Amino acid sequence: MFGYVRPAIARLSEEDRRRFGAAYCGLCRVLGERYGQAAQFILNYDFAFLAILLWPQEAPEILLHRGCMAHPLAGRDYFPGNEALELAAEEIRRLGKKPFIIAGPRAWEATEGRMEKALKEAGMAYELSLYPGQNTYEKAKEHAAKAIESGCDVIIGAGGGRIMDQAKAAAYYGGMELSLPSGHMPVVQVPTSIATCAAFAPLSVMYTEEGASLGSLRHHFEVDAILVDMDVIAKEPARYVAS
């Protein structure tokens, strides 16, 4: 087991330890059932943490108990998996009416049209910017302006670290332009890689258009939601997992 966001087991109640273990084992089981045992090696603490953040508070907890390769006799409690992209419209609707989606071309292709389908079936209009470039200050301001001009009130980042940092920066500049009390537009992240903490880190690593580092734009806000879809993550290239 590895990852940056490790649970403070000693400080958790017995119930919270049980729920964390069930979330972790649930993710492991879904990977194994859909993609085989080799895919289970991409699971880590960070991924379990994101899945717990995603879990709707009002959703009923369905707890199952089965044996597995690691615990064949005693077994483990686990939560069955959900298809996060199919929940996108419901989650976004909590925050606004029309999303502005910033996505990497390959990342958007990796969603296989499922997020787009979910939004259309929910009758939710959206704007899409497929952006292959660097996370620059100029592009973040441009995205914020386009979102406001098109009547969007939620920023969605679908991709890896660069795109998710761009989404947070655009949400920040959009909030400044609109003088929102929160200081930012709502932002939802749809990570397509597990090799980054950009989905939830309160900062955006900024670059020039040529790729030179400009340091970090630090935010005073947390992201509003993270949609982690196991189908998308499990299909990411092996080199992304290795990084």
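Since this is a predicted model, take the numbers as computed values, not measurements.

Undergrad: What should I look at first to understand the overall build of the protein in this one?
TA: Counting its secondary structure elements, the protein contains 9 helices and 9 strands. The burial tally for the protein puts 44% of its 243 residues in the buried class. Accessible area for the protein stands at about 12,600 Å²; split by element, carbon and sulfur atoms hold 54% of it.

Undergrad: Sorry if this is basic, but what is going on with the packing of aromatic side chains here?
TA: Geometrically, a pair of aromatic rings is defined through the distance of the ring centres and the angle of the planes. In this structure the tally under the stated criterion is 1 aromatic pair. Ring centres of Tyr172 and Tyr173 lie 5.0 Å apart, and the angle between their planes is 65°; this geometry places the pair in the edge-to-face category. For Tyr172, a relative accessible area of 21% corresponds to the partly exposed category. Overall, the relative accessible area of 16% leaves Tyr173 in the buried class.

Undergrad: I tried to follow helix α6 (residues 137–149) on my own but got confused; where do I start?
TA: Residues spaced three or four apart along an α-helix point in a common direction, a consequence of the helix completing one turn every 3.6 residues. Between its first and last C-alpha atoms α6 spans 18 Å; for 13 residues at 1.5 Å apiece the expected length is 18 Å, and the two agree. Every buried residue of α6 is listed here: Lys139, Ala140, His143, Ala144 and Ala147. The buried residues of α6 all sit within an arc of 140° when viewed along its axis, so they share a single face. The exposed set on the far side of α6, more than 90 degrees from its buried face, consists of Glu138 and Glu149. Gly151 sits one or two residues past α6 and shows a positive phi near 80°.

Undergrad: What am I meant to see in the nonpolar core here?
TA: Burial of nonpolar side chains together is a common tendency in soluble globular proteins. In this structure, Phe47, Ile155, Val187 and Ile226 are the most contacted members of the largest nonpolar core, which totals 35 residues. With 20 residues, the next largest nonpolar core counts Ile92, Ala103, Met115 and Val232 among its residues.

Undergrad: Quick question: what am I supposed to make of the pairing of strand β6 (residues 187–191) here?
TA: For a regular strand, side chains alternate in direction, first toward one face of the sheet and then toward the other. Burial within β6 is extensive, with 5 of its 5 residues counted as buried. In β6, alternate side chains face the same way, and those of Val187, Gln189 and Pro191 on one face and Val188 and Val190 on the other are all buried. A crossover links strand β5 (residues 154–159) with its parallel partner β6, the connecting element being helix α7 (residues 161–178), and its sense is right-handed. One ladder, built from 2 bridges, connects β6 with strand β9 (residues 225–226); its direction is parallel. Residue pairing for β9: Val188 is matched across the bridge by Ala225.

Undergrad: Honestly, the packing of α6 against α7 in this entry has me stumped. Any pointers?
TA: For any two helices packed against each other, one specifies the inter-axial angle together with the distance between the axes. Packing of α6 against α7 brings their axes to within 8 Å, and their N-to-C directions diverge by 60°. Between α6 and α7, the crossing angle belongs to the class labelled oblique. As α6 packs across α7, the resulting crossing turns out to be right-handed. Only Gln166, Ala169, Ala170, Tyr173, Gly174, Glu177 and Leu178 of α7 make contact with α6, whose side of the interface consists of Tyr137, Lys139, Ala140, Lys141, His143, Ala144 and Ile148. Broken down by class, the residue content of the contact of α6 with α7 amounts to 8 nonpolar, 3 polar and 3 charged.

Undergrad: Mind showing me how you'd approach helix α5 (residues 114–121) here?
TA: Residues of α5 that are buried: Arg114, Met115, Ala118 and Leu119. The arc enclosing the buried residues of α5, seen along the axis, measures out at 135°, which places them on a common side. Turned more than 90 degrees off the buried face of α5, the exposed positions are Lys117, Lys120 and Glu121. Those residues of α5 that are buried lie in contact with α3 (88–93), β3 (99–103), α4 (105–110), β5, β6 and α8 (230–234).

Undergrad: I keep staring at the side chain of Thr111 and nothing clicks. Help me out?
TA: Counting through the fold element by element, Thr111 comes out in the loop between α4 and α5. A polar contact of 2.7 Å, which involves the side chain of Thr111, links it to the backbone oxygen of Trp108. Setting aside residues no more than four positions away along its own chain, Thr111 makes contact with Leu85 and Val232.

Undergrad: What exactly am I supposed to notice about the side chain of Gln189 here?
TA: When you line up the elements, Gln189 lands in strand β6. Classification of Gln189 as buried rests on a relative accessible area of 0%.

Undergrad: Explain the sheet that holds β5 here, please?
TA: Note: strands within a sheet are paired through backbone hydrogen bonds, in either parallel or antiparallel orientation. In spatial order, the strands read β4-β3-β5-β6-β9; together these 5 strands make up an open sheet with parallel pairing. The open sheet is flanked by β4 (127–130) and β9, the only strands paired with a single partner. Both β3 and β5 contribute to a ladder of 5 bridges, which runs parallel. The residue bridging Ala103 from the neighbouring strand is Ala158, located in β5. Against the sheet, α7 contacts β3, β5 and β6, and its axis sits at roughly 170° relative to β5.

What counts, and at which threshold
- Residues numbered from 1 in each chain as written.
- Predicted model: local features only at pLDDT ≥ 70, side-chain atom pairs only at ≥ 80, totals over all residues.
- Heavy atoms only, no water.
- Helix = DSSP H or I, 4+ residues; strand = E, 2+ residues; numbered from the N terminus.
- Buried < 20%, exposed > 50% of the residue type's maximum accessible area, 1.4 Å probe, protein only.
- Areas by Shrake-Rupley, 256 points an atom, 1.4 Å probe, with all protein chains shown as cover.
- Phe/Tyr/Trp six-rings, centres within 6.5 Å; stacked < 30°, edge-to-face > 60°.
- Expected span 1.5 Å × (residues − 1).
- Arc of directions from axis to C-beta.
- Core = buried A, V, L, I, M, F, W, Y, C linked by side-chain atoms within 4.5 Å.
- Right-handed = clockwise from strand over helix to strand, strands pointing away.
- Pairing = 2+ DSSP bridges.
- Axes fitted to C-alpha atoms, helices over the stretch in contact; angles between N-to-C directions.
- Parallel < 35°, antiparallel > 145°, perpendicular 65-115°, else oblique.
- Left-handed = near helix turned anticlockwise from the far one by under 90°.
- Contact = heavy atoms within 4.5 Å.
- Nonpolar A, V, L, I, M, F, W, Y, C, P; charged D, E, K, R; others polar.
- Polar contact = N/O pair within 3.5 Å; in protein donor to acceptor, adjacent residues only side chain to side chain.

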